[in-house]
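# Chain and residue survey
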Amino acid sequence: MLKRMARVLILLAMLPSAASANQDSIRIAVIEQLSGPFANIGTSAFHELEATFSMVNARGGALGRMFELVPLDNHGTPQGAALQVKAAVDRQIRYVIQGSGSNVAHAISDAVAKHNARSPDRPLLYLNHGALDPALTEEKCHFWHFRFVPHGGMIMNALTDAIARDPSVRRVYLVNQDYAWGQSVARDAKQMLAARRPDIEIAGEDLHPIGKVKDFAPYVAKLRAARADALITGSWGNDLALLIKAVKDAKSPVKLYAPLASLTGAPTSMGEAGAGRVKAVLFWHENLEPNSLLSFAQDYRSKYNEDWNWLPNVVLPEMLAQAMTAAGSIDPLQVAQALEGMRYDGPTGEVWMRAEDHQIMMPVFQ
């Protein structure tokens, strides 16, 4: 009887349990808005990360372990994001990814920093693929946050440079979402254009509640009344799509400068209304030569029925796997130390993570 019980125990010990399966994978919480007005953006972000981490896993993952993404819905609010950071901790997840919305990013960054101060033996690492408020790597900078996308000031520097080189632009109107990122776009546009082209006049400015406006026709009427040559908007998601639709419906000839028109899910949400009308700042595009990601982008379009062009969602998984390999560990502290100053030969040129503020440096295209 004892021998039979021993054989049963040995067989049970050999069976893989759910707990051991989870321990074998490297779990990452993807905390995005998966419901509500910007669910399309959050879902697209998850799809892109899913596709690129699958690409890394196909090569063996990191240290022979596969990456496993755990989607968590922040409902588009700072409070929801903070709750999902706690949910990740409760699930013993040590890595958090987010990028849609700087207001949410600040909440996650603060929650991660507070958790790590309370529990230094179980730290979290926050990997940011799209939240652009410069403060996140400036006055709000901390060791446990890494940004894998150029910040808003860098993006607006490229955008205003392109506008300044267009002599036909003399009057500019600003329409932006009323939160940290939108406010920084308006501020940077005024300061950078004044430095480059003091003859350009800011013809008008509006800040609108994020995700609440259903009809942007009144805003378009104001910019037409102001005789604006160009519109600058940092808006994204459905707000950007509806604004561009209103410009098209009004048959306005205004030039559209939208730095986030290439954001995950944005081309799909804009549809035909944005075709040939919108100028953006890009990190990758299909016309690059050589183009190592072209087949990946085409496969992505076939699978998800939407465009892919958000390079940070390739750079992040690649550099994370590289850092874990260099550290010989998946411990967040050792991985963070390996990421500091890391250089990566990216698809568009060399990318490096600035050690002093954990801000990625990468090529941009106007």
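See the structure above.
Residues numbered from 1 in each chain as written. Predicted model: local features only at pLDDT ≥ 70, side-chain atom pairs only at ≥ 80, totals over all residues. Heavy atoms only, no water.

Pairing in this open sheet of five strands is parallel, and the strands run β7-β6-β8-β9-β10 from one edge to the other. If you trace the sheet from one side to the other, it starts and ends with β7 (201-208) and β10 (278-279), each paired once. Two strands pair when backbone bridges link them, and strand β6 (residues 171-177) and strand β8 (residues 230-232) are joined in this way by three bridges, in the parallel orientation. The residue bridging V172 from the neighbouring strand is A230, located in β8. Sitting on the sheet, helix α6 (residues 152-164) touches β8, β9 (255-257) and β10, and the angle it makes with β8 is about 175°. Where helix α7 (residues 180-196) meets the sheet, its contacts fall on β6, β7 and β8, and the angle it forms with β6 comes to roughly 160°. (Pairing = 2+ DSSP bridges. Helix = DSSP H or I, 4+ residues; strand = E, 2+ residues; numbered from the N terminus. Contact = heavy atoms within 4.5 Å. Axes fitted to C-alpha atoms, helices over the stretch in contact; angles between N-to-C directions.)

In this model, α7 (17 residues) spans 24 Å end to end at C-alpha, consistent with the 24 Å of a helix rising 1.5 Å per residue. Inspection of α7 places W181, G182, S184, V185, A186, D188, A189, M192 and L193 among the buried residues, and these make up the whole buried set. Buried residues belonging to α7 abut α5 (102-118), α6, β6, β7 and β8. (Expected span 1.5 Å × (residues − 1). Buried < 20%, exposed > 50% of the residue type's maximum accessible area, 1.4 Å probe, protein only.)

Quick look at the packing of helix α12 (residues 312-327) against helix α13 (residues 332-339) now. The contact between α12 and α13 brings their axes to 8 Å, and the two run at 110°. One way to sum up the angle between α12 and α13 is to call them roughly perpendicular. Counting all contacts with α12, which are made through M319, L320, A323, M324, A326 and A327, the residues of α13 involved are Q334, V335, A338 and L339. Per-class residue counts for the contact of α12 with α13 are nine nonpolar, one polar and no charged. (Parallel < 35°, antiparallel > 145°, perpendicular 65-115°, else oblique. Nonpolar A, V, L, I, M, F, W, Y, C, P; charged D, E, K, R; others polar.)

Turning our attention to the environment of T52. Structurally, the position occupied by T52 is in helix α3 (residues 39-58). You can call T52 buried: its relative accessible area is 1%. Among all residues touching T52, those that are not within four sequence positions of it are F296, N313, V314 and P317. A polar contact of 2.7 Å, which involves the side chain of T52, links it to the backbone oxygen of N313. (Polar contact = N/O pair within 3.5 Å; in protein donor to acceptor, adjacent residues only side chain to side chain.)

Worth remembering: the numbers are spatial, not functional.
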